[in-house]
Amino acid sequence: MDNRVIKNLVILGGGTAGWMTAALMVKVLGKGIGITLVESDKIGTVGVGEATIPPIINFNQALGLNEKEFLKATKGTIKLGIQFENWFQQGDSYMHAFGNIGKNFPFCDFHHFWVKSRQSGGTSSFWEYSLNYQAAMHNRFAPLAQIKGTNLPGISYAYHFDAGLYAQYLRQYSESKGVKRIEGTVDQVNVNPESGFVESLQLDDGIEVHGDLFVDCTGMAALLIQKTLGAGFEDWSHWLQCDRAQAVPSAAVKPVVPYTRSIAHAAGWQWRIPLQHRTGNGIVYSSRHWNDEQARDVLMANLDGEALAEPKLISFRTGRRREAWKKNVVAIGLSSGFLEPLESTSIHLIQSAATRLIKSFPHRGIKHTEVAEFNRQTQVEFERIRDFIILHYKANKRSDSNFWRECATMRVPDSLQEKIELFRSTGKVFRDFDDLFTEVAWQQVMIGQGIMPEDYHTIADSLSETQMADLLESLKTLVDGTVKSLPDHEQFFS
Ligand SMILES: Cc1cc2nc3c(=O)[nH]c(=O)nc-3n(C[C@H](O)[C@H](O)[C@H](O)COP(=O)(O)OP(=O)(O)OC[C@H]3O[C@@H](n4cnc5c(N)ncnc54)[C@H](O)[C@@H]3O)c2cc1C
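Everything numeric in this text was worked out from a predicted model, so none of it was measured. (Residues numbered from 1 in each chain as written. Predicted model: local features only at pLDDT ≥ 70, side-chain atom pairs only at ≥ 80, totals over all residues.)

### Here's the deal with the overall build of the protein
Under the convention used in this document: We count a stretch as a helix when DSSP gives it H or I for four or more residues in a row; a strand needs E for two or more, and each element gets its number in order from the N terminus. Two things to know: the radius of gyration comes from C-alpha atoms, and the globule rule equals 2.2 Å times the number of residues to the power 0.38. Each residue is classed by its C-beta neighbour count within 10 Å, where at least 20 other C-beta atoms makes it buried, 12 or fewer makes it exposed, and intermediate counts make it partly exposed; the C-beta atoms are placed from backbone geometry. The contact criterion used here is simple: two residues whose C-beta atoms, placed from the backbone, lie within 7 Å are in contact.
From N to C terminus, the protein includes 14 helices and 21 strands. What you see for the protein is a C-alpha radius of gyration of 23 Å, in line with the 23 Å of a compact globule of 494 residues. Viewed in the frame of its principal axes, the protein has a C-alpha envelope of about 75 × 50 × 45 Å. Burial statistics for the protein: of 494 residues in total, 49% are counted as buried. Nonlocal contacts in the protein, meaning residues at least 24 apart in sequence, comprise 77% of its contacts between residues at least 6 apart.

Structural data, given as structure tokens:
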């Protein structure tokens, strides 16, 4: 396709995507290539995105960041899961807690034992056996690789942080390692008429920035990948109908809880993300069902502290870029597509795309096969996450609004429908290759949203009634005892 040696990498955009990409690239490939990042203060960043999922810990570790310093710099807190309120039906709540639940047996996950106990008249909640859930409810946290005296996994966690501060922190990191930053707005993109490759970016102050490979981190503008190269967009808004958000910070409240709250309303849902210095709030909604004023009123009436600014309106379209890599441009961040912020997956998709680009780095020229493989992996990753998010909307029993009724009756992708049917009839759920979400994540959302298995694995019958009662009791005692031994969550960052 092109045999040009890649010596100069240009990242266009200095939001979370731009600086995460720059930081990882300079850390891993910095000695071999020159990295320039262009960002426009005039345009600014989307300015949201504060909740993450556990793989962010690997990202920070790969950069060699010190966790305490990172939390201080970004005013970060710990996240043990997401509490979904009013999703299945009003007044109901469950958590997608990170980490394990109970104790998996060879060939048979723990939930089969729990389902059997429920069918035999047991009343315990699935989450009584989740260390993450119980720690979250008691505001406790400490890093814990394993539950003491057992081989059971300990706590799995992620962070809430101020995205603007995180980008600044990574900027300092990247510049100190040699990334060159240029402030300016791209007025024109120069493309080679024969190859169709981007050659340079023309900035408003006359500077021209040349590169061999360009990373488009321009957010929803998608200046290089779409406006210049027309890579196309697969629209998923018929499944994920929300297309607008309003975000507003509010004064911090005590205690600072170690989980995100996602509260469903008549035509969308609201997030609450507790940081050290403030709470991040926002409402995500369908503009077909609510106008901006209605959404704003619901958001402002449901803050738990004083609003610190006017709400900021953001429009979006859910879907994915058809080709995340086209010619010599790779889209990372919102330019590559957007799924709902419901499961905090966007920052993870940045991490994963930057990692994928490093693994496929075309140092001796860009090959068709490499581009095709990159795009295939990106597509699979987006589709798996898409299905998981649609599940939250589809599996609802709310009848209070057209929005929820339409979600409940919509036709969903076959891949998701098959998963739901298999779980409902057998209790079985399998993690697809490359699925970000584990079996226990799928179990929690399905059970939490009313999809109770009608059957369980036959291995669960290998325990007598007494053995089953002992198993459940001992796991509960273990979880409760471990939670009691943990310090208050806030001690970790104060
Ligand atoms: C409502 C909402 C809530 C979200 N919540 C979460 C969450 O909780 N967790 C999560 O993981 N993700 C979340 N996200 C996603 C998250 O915000 C983004 O993934 C993340 O901020 C990355 O954005 P970005 O860097 O791609 O784009 P942006 O932040 O928009 O950055 C774009 C950059 O490109 C530059 N630029 C654009 N055009 C030009 C030009 N012509 N010349 C020069 N520079 C230019 C801009 O100046 C800016 O620096 C949320 C998104 C939305 C919309």
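### Focus on the site of the ligand
As a reminder of what qualifies: A residue counts as near a molecule or strand when its C-beta atom, positioned from the backbone, falls within 6 Å of it. Residues are sorted three ways: Asp, Glu, Lys and Arg are charged, Ala, Val, Leu, Ile, Met, Phe, Trp, Tyr, Cys and Pro are nonpolar, and all the rest, Gly among them, are polar.
Around the ligand sit 39 residues, and of these Gly 13, Gly 15, Gly 49, Gly 219 and Gly 333 come closest. Residue assignment for the shell around the ligand shows that the elements contributing at least two residues are helix H1 (16-29), strand E2 (34-39), strand E13 (244-251) and helix H9 (346-359). Of all the elements, H1 adds the most residues to the shell around the ligand, at three residues. Of the residues contributing to the shell around the ligand, the split by class is 19 nonpolar, 18 polar and two charged.

### Observations regarding the environment of Ser 335
Here Ser 335 shows up in the loop between strand E20 (329-331) and strand E21 (337-338). A count of 29 C-beta atoms within 10 Å places Ser 335 in the buried class. With 111 residues separating them along the chain, Ser 335 and Met 446 place their C-alpha atoms 31 Å apart. For Ser 335, the contacting residues outside a window of four places in its chain are Asp 216, Cys 217, Thr 218, Gly 219, Ala 222 and Ile 225.

### Brief notes about the nonpolar core
For the record, the criterion: Under the definition applied here, buried Ala, Val, Leu, Ile, Met, Phe, Trp, Tyr and Cys residues are grouped into a nonpolar core through C-beta atoms within 7 Å.
The biggest cluster of nonpolar side chains holds 141 residues, and the ones touching the most others in it are Ile 11, Leu 12, Ala 22, Leu 80 and Ile 332. No other element matches helix H10 (residues 368-394), which puts nine residues into this core. When residues no more than four places from it in sequence are discounted, the contact partners of Ala 22 are Ile 11, Ile 35, Leu 37, Ser 174 and Val 179.

### A short note on helix H14 (residues 465-485)
To be explicit about the condition: Any helix carries an expected span of 1.5 Å times its number of residues minus one. Starting at the helix axis, one direction is taken to each C-beta atom, and the arc is that of these directions.
Along its 21 residues, H14 runs 30 Å from first to last C-alpha, staying within 8% of the 30 Å computed at 1.5 Å per residue. Turning to H14, its buried residues number three or more, namely Leu 472, Leu 475, Val 479 and Thr 482. All buried residues of H14 lie within an arc of 105 degrees about the axis, which places them on one face of the element. Looking at H14, the residues exposed on the side facing more than 90 degrees away from the buried face are Glu 465, Thr 466, Asp 470, Glu 473, Ser 474, Thr 477, Gly 481, Lys 484 and Ser 485. At its buried positions, H14 is contacted by helix H4 (110-119) and helix H5 (131-137).

### A closer look at the sheet that holds E13
The criterion, for reference: Two strands are counted as paired when DSSP detects at least two bridges linking them. Interaxial angle, 0 to 180 degrees, is taken between N-to-C directions of lines fitted to C-alpha atoms, where a helix line uses only the stretch in contact.
Reading across the sheet, the seven strands line up as E5-E4-E14-E15-E16-E13-E17 and stay open at both edges, with mixed pairing between neighbours. Looking at which strands have only one partner, the edges of the open sheet turn out to be strand E5 (93-97) and strand E17 (312-315). If you compare each strand with its neighbour and ignore which way they point, the axes differ by 20 degrees on average. Across the face of the sheet, helix H8 (residues 292-301) comes into contact with E13, strand E14 (260-265), strand E15 (268-274), strand E16 (278-285) and E17 while running at roughly 145 degrees to E16. Docked against the sheet, helix H13 (residues 439-448) engages strand E4 (81-85) and E5, running at close to 175 degrees with respect to E5.

### A look at unusual backbone geometry
Geometrically, the link from Lys 254 to Pro 255 is a cis peptide bond, its omega value of -5 degrees lying close to zero. Take Pro 255: it is sitting in the loop between E13 and E14. Of note in this structure, Asn 86 is not a glycine but carries a positive phi near 65 degrees. Within the fold, Asn 86 resides in the loop between E4 and E5. Overall, the presence of 20 C-beta atoms within 10 Å leaves Asn 86 in the buried class. In this structure, Asn 139 is a non-glycine residue whose phi angle is positive, near 55 degrees. A residue is classified by how many C-beta atoms lie within 10 Å of it, and Asn 139, with 18 of them, is partly exposed.

### Re the environment of Phe 423
Among the secondary structure elements, Phe 423 is positioned in helix H12 (residues 414-426). For Phe 423 and Thr 260, which are 163 residues apart along the polypeptide, the C-alpha to C-alpha distance reads 26 Å.

### Thoughts on the pairing of strand E9 (residues 198-203)
In this structure, strand E8 (residues 186-191) lies alongside E9, joined through five bridges in antiparallel fashion. Bridged to Asn 190 within E9 is Ser 200. Hairpin remark: E8 followed by E9, antiparallel, with six residues in the connecting loop; positive phi at Gly 196, about 75 degrees. As defined by bridge partners, E9 adjoins strand E10 (residues 208-210) across three bridges and the pair is classed as antiparallel. Paired with Gln 202 across the strands is Glu 208, a residue of E10. Hairpin connection of E9 to E10: four residues between the antiparallel strands, including Gly 206 at a positive phi of 95 degrees.

### Quick look at the sheet that holds strand E18 (residues 319-321)
Spatially, three strands are ordered E12-E18-E21 in an open sheet, and the strand pairing comes out antiparallel. Looking along the sheet, the strands with just one partner apiece sit at the ends: strand E12 (233-235) and E21. Summarising the sheet, E18 and E21 pair through two bridges and their orientation is antiparallel. Bridge pairing in E21 places Arg 320 opposite Gly 337.

### Overview of the packing of H1 against helix H6 (residues 163-176)
The description of two helices packed together rests on the angle between their axes and the distance between the axes. The condition that has to hold: Here roughly perpendicular refers to angles of 65 to 115 degrees, roughly parallel to angles under 35, roughly antiparallel to angles over 145, and oblique to all remaining angles. Put simply, a crossing is left-handed when the front helix is turned counterclockwise from the back one by less than a right angle, and right-handed when it is turned clockwise.
One way to put it is that H1 packs onto H6 with a least axis distance of 9 Å and a crossing angle of 30 degrees. Between H1 and H6, the angle falls in the class roughly parallel. Between H1 and H6 lies a crossing whose hand is left-handed. Taking contact as the criterion, the partners of Thr 16, Trp 19, Met 20, Ala 22, Ala 23 and Val 26 in H1 are, on H6, Ala 163, Tyr 166, Ala 167, Leu 170, Arg 171, Tyr 173 and Ser 174. Class assignment of the residues belonging to the contact of H1 with H6 gives a composition of ten nonpolar, two polar and one charged.

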